[in-house]
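Analysis of the macromolecular model
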Amino acid sequence: MNERAYDIVIIGSGAGGGTVAQELSPLCRKGLRIAVLEKGPKLRDEEFTGREFEMARVLYEEGGGFLTAEGTMTLAFGSTYGGSTAVYTGTSLLPPERVLRKWNVPGLTLEEIERRAQKFKAQNNVHLIEDEFLNENNRLFVAGCRRLGWNVGQFPVNVKGCRGSSLCNLGCPNQAKQGTDRVQLPAAERNGVEVITRCEVLRLEEKKVLVRVSAKRDGTKGEPSAWEPGEYSIAAKLIVVAAGAVNSPALLLRSGFGRNLPRLGYGFTAHPALIVVAEHDRPITNFVGHPKSFYLDQFAESDRFLLETCMYFPFITAKSLAGFGEAHSSFMRAYPRLQMILVLACDRVEDANRVTIDSAGRPVVHYHFTPEVTRALVRGAVASARIVFAAGARRVHLPMAQPPTIEERDAARLDGIAEDAPFQLGKVTVSAAHLQGGCAMGRTAADSVTDAFGRVHGAPWLRVADASLFPDSVEINPYLTIMSLADRVAEKIREEVSAL
Amino acid sequence: MPSTENSPRRSSPPALAAFRPLVRAIACTIVPEAAAMDEKAWDEFDALMDSALADRPRELRRRLELFLRAIEWLPVIRFGRRFTSLEPAQRARFLSMLENHPAQIIRSGFWGLRTLVLLGYYGRPETVAAIGYAASPRGWEARR
């Protein structure tokens with residue numbers, strides 16, 4: 001077993017870990033040694049090709065197809081330098097006030113989240129994309145919503161020099177998206193933080209991290225790890241876990257923390273989502289331009305769904321269309337005429353939904369769909385159909401409808417679907433990318449895993465700084481909230497660093 | 001086939017080698033255009049499926065093999081013939097029954113198999129080009 005020693009070890013390099021790394025990096029100038037451990041590889045710029053299968057399998061955990069234990073939903077989360085910030089679309093929103101009230105974390109206010117987020121909005125170049133770079137897939141969404149009298153919002157996004165490749169979810173091939181891989185991690189490394197890629201954390205012991213570094217296989221993408229392949233024992237005075245809402249609770253569980261933290265792994269939420277696909281009579285600009293420029297959130301409180309523009313790649317699109325045979329193929333052949341909308345359900349904390357581990361210590365995510373969630377998905381899909389018809393689509397595919405294809409002249413069918421459509425789990429493709437909870441903030445070990453600053457109850461040497469801290473769904477795209485919370489965690493560490 | 005991400009590596013031995021005729025019959029039912037693929041295209045199809053399965057737990061592969069055996073033999077009860085001997089319309093009816101089965105575990109099993117087939121078919125660059133998808137890293141510049 002190889003041995004290493006650091007003052008602070010950060011596990012994960014996404015929105016949480018990358019932010020903590022940057023915010024603590026000035027401590028390196030004072031002589032502290034800080035390391036970031038990242039399970040995935042760091043790719044060279046020229047390795048981002050935008051090819052679907054090739055990129056998905058190297059950037060995402062299990063290629064983006066991590067299945068829940070029930071086999072009814074796949075989870076997409078990054079496993080690379082920059083974590084999920086390397087594969088998101090960079091949409092930069094903050095939660096509504098009601099979310100912070102519901103969280104009820106002592107001392108945590110929306111004003112504080114907003115104040116901290118301002119710093120990252122500036123660092124990561126958050127802004128609205130100029131009108132001339134909006135594609136028709138996005139414009140048609142706006143047009144349809146306006147004809148229905150619905151209020152759309154434009155996503156601020158964190159891009160710089162965007163060429164409109166539309167390939168955000170496969171890692172930007174132009175290095176335009178300003179995730180932690182482009183901003184916070186390089187800044188941290190310039191200040192002396194070491195980033196060790198291909199480094200999987202096996203378990204934690206008190207002030208110790210046990211890891212396995214993997215070799216780069218011939219013919220695969222990415223740089224080799226800075227360390228030789230093998231197992232290491234890393235001593236650390238302070239450990240920050242930021243491995244995401246699946247892997248952070250799983251790591252703590254396999255390290256034995258579940259014995260004293262009964263809420264560990266509970267409180268998992270995810271924004272279950274499906275795709276509504278519509279066909280227009282003419283080709284539209286869809287696979288060019290930023291894919292996600294607008295959203296509709298006016299039904300988030302009343303009907304528990306959000307709608308977002310989206311444009312997915314051929315395999316994901318094929319997977320998301322229900323059925324098979326000629327009806328399925330005819331939509332795929334219409335690809336240049338397709339408009340897409342992502343329907344996200346605002347789920348809530350349910351005790352049945354949680355992260356556990358299997359006998360080998362691997363994460364297992366249990367997710368049971370409540371009637372409220374499936375109703376939200378159906379109503380969101382029907383609302384999407386009304387939008388695309390208002391925008392001029394000739395037909396739409398609703399995966400829960402029987403049959404799934406609805407011609408514009410049969411739009412009256414939508415009323416019946418909204419009220420009665422059975423939602424056949426296992427048939428309808430549902431995926432989620434906003435994974436949250438599992439190490440929730442709170443007051444005591446009876447109700448949470450950490451305190452309001454990410455300190456794990458009963459283990460002052462151990463912090464959490466990622467979306468697993470969320471006590472309930474954030475109800476919007478989460479990365480900016482994660483960065484704000486990670487900033488809060490890092491600030492507290494800086495205050496306490498003299499005691500290390 | 002060399003082992004690179006551009007040409008997906010095969011597991012060794014190929015996970016579904018024993019089921020090739022059945023998988024191809026299923027694929028042609030799910031994506032009718034697959035019937036026109038030549039042997040090279042089928043090799044790419046197989047390699048993509050094998051590559052995706054190679055990263056998955058052994059238990060999942062075992063369940064997939066069990067599911068494939070069930071697909072091959074269950075039609076004997078209803079049609080008096082194995083799946084690979086059925087007419088295309090009968091194959092479609094049988095797969096539709098699985099997709100809409102009252103038991104969620106059956107629906108999920110079919111969803112997983114259908115997903116693999118769609119990956120094998122729509123994961124190929126030729127297919128992507130054929131449906132008119134042409135996203136380019138050059139973005140708007142490539143459209144001018």
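Since we're looking at a predicted model, the values are computed, not measured. (Residues numbered from 1 in each chain as written. Chains lettered and ligands numbered in written order. Predicted model: local features only at pLDDT ≥ 70, side-chain atom pairs only at ≥ 80, totals over all residues. Heavy atoms only, no water.)

Each helix and strand counted, chain B has eight helices and zero strands in total. For chain B, the succession of helices and strands along the chain, N to C, is α-α-α-α-α-α-α-α. The contacts of chain B with a sequence gap of at least 6 include a subset with a gap of at least 24, amounting to 60%. Working note: accessible area of chain B is about 7000 Å², and carbon and sulfur atoms make up 58% of it. (Helix = DSSP H or I, 4+ residues; strand = E, 2+ residues; numbered from the N terminus. Contact = heavy atoms within 4.5 Å. Areas by Shrake-Rupley, 256 points an atom, 1.4 Å probe, with all protein chains shown as cover.)

So, on to the interface of chain B and chain A. Taken together, the contacts link 45 residues of chain B with 56 residues of chain A. Both faces combined, the contact of chain B with chain A buries some 4300 Å², and carbon together with sulfur accounts for 56% of it. Our enumeration of links across chain B and chain A arrives at three salt bridges. A salt bridge links E141 of chain B to R163 of chain A; the nearest nitrogen and oxygen atoms lie 2.6 Å apart. Where chain B touches chain A, the interface holds 19 residue pairs in polar contact (both at pLDDT 80 or more). Mapped onto the side of chain B that touches chain A, the elements with two or more residues apiece are α1 (20-30), α2 (39-54), α5 (88-99), α6 (104-122) and α8 (140-143) of chain B. (Buried area = accessible area lost by both parts, 1.4 Å probe. Salt bridge = Lys/Arg side-chain N within 4 Å of Asp/Glu carboxyl O. Polar contact = N/O pair within 3.5 Å; in protein donor to acceptor, adjacent residues only side chain to side chain.)

The next subject is the side chain of T285 of chain A. Mapping T285 of chain A onto the fold places it in the loop between β12 (273-279) and β13 (294-296). Within the structure, T285 of chain A has its side chain in polar contact with the backbone nitrogen of E136 of chain A (distance 2.8 Å). Residues in contact with T285 of chain A, not counting those within four places in the same chain, are N135, E136 and N137 of chain A together with W140 and R143 of chain B.

Another aspect to go through is the packing of aromatic side chains. All names here are of chain A. One pass over the full model with this rule turns up 18 aromatic pairs over all chains. When the centroid spacing of 4.8 Å and the interplanar angle of 65° are considered together, the rings of Y88 and Y479 count as edge-to-face. Residue Y88 is located in the loop between β4 (74-75) and α3 (97-103), and its partner Y479 is located in helix α12 (residues 479-496); the two are separated by 391 residues in the primary sequence. With respect to burial, Y88 and Y479 carry one shared label: buried. Centre to centre, the rings of W150 and F299 are 5.1 Å apart; their planes meet at 80°, and the pair counts as edge-to-face. In this pair, W150 sits in the loop between α5 (136-148) and β6 (153-154) while F299 sits in the loop between β13 and β14 (305-309), placing the two residues 149 residues apart along the sequence. (Phe/Tyr/Trp six-rings, centres within 6.5 Å; stacked < 30°, edge-to-face > 60°. Buried < 20%, exposed > 50% of the residue type's maximum accessible area, 1.4 Å probe, protein only.)

Residues and elements named next belong to chain A. Domain annotation of chain A identifies domain 1 (2-125 + 168-268 + 437-499) and domain 2 (131-159 + 273-346 + 370-424). Taken over C-alpha atoms, the centre of domain 1 sits 32 Å from the centre of domain 2. Tallying the contact residues gives 22 residues for domain 1 and 21 residues for domain 2. Between domain 1 and domain 2 the total buried area reaches about 1700 Å² when both faces are included, carbon and sulfur atoms providing 53% of it. Applying the counting rule to domain 1 against domain 2 returns two salt bridges. Notably, a salt bridge pairs E301 with R98, separated by 3.6 Å at the nearest N-O pair. (Domains from an automatic or database assignment.)

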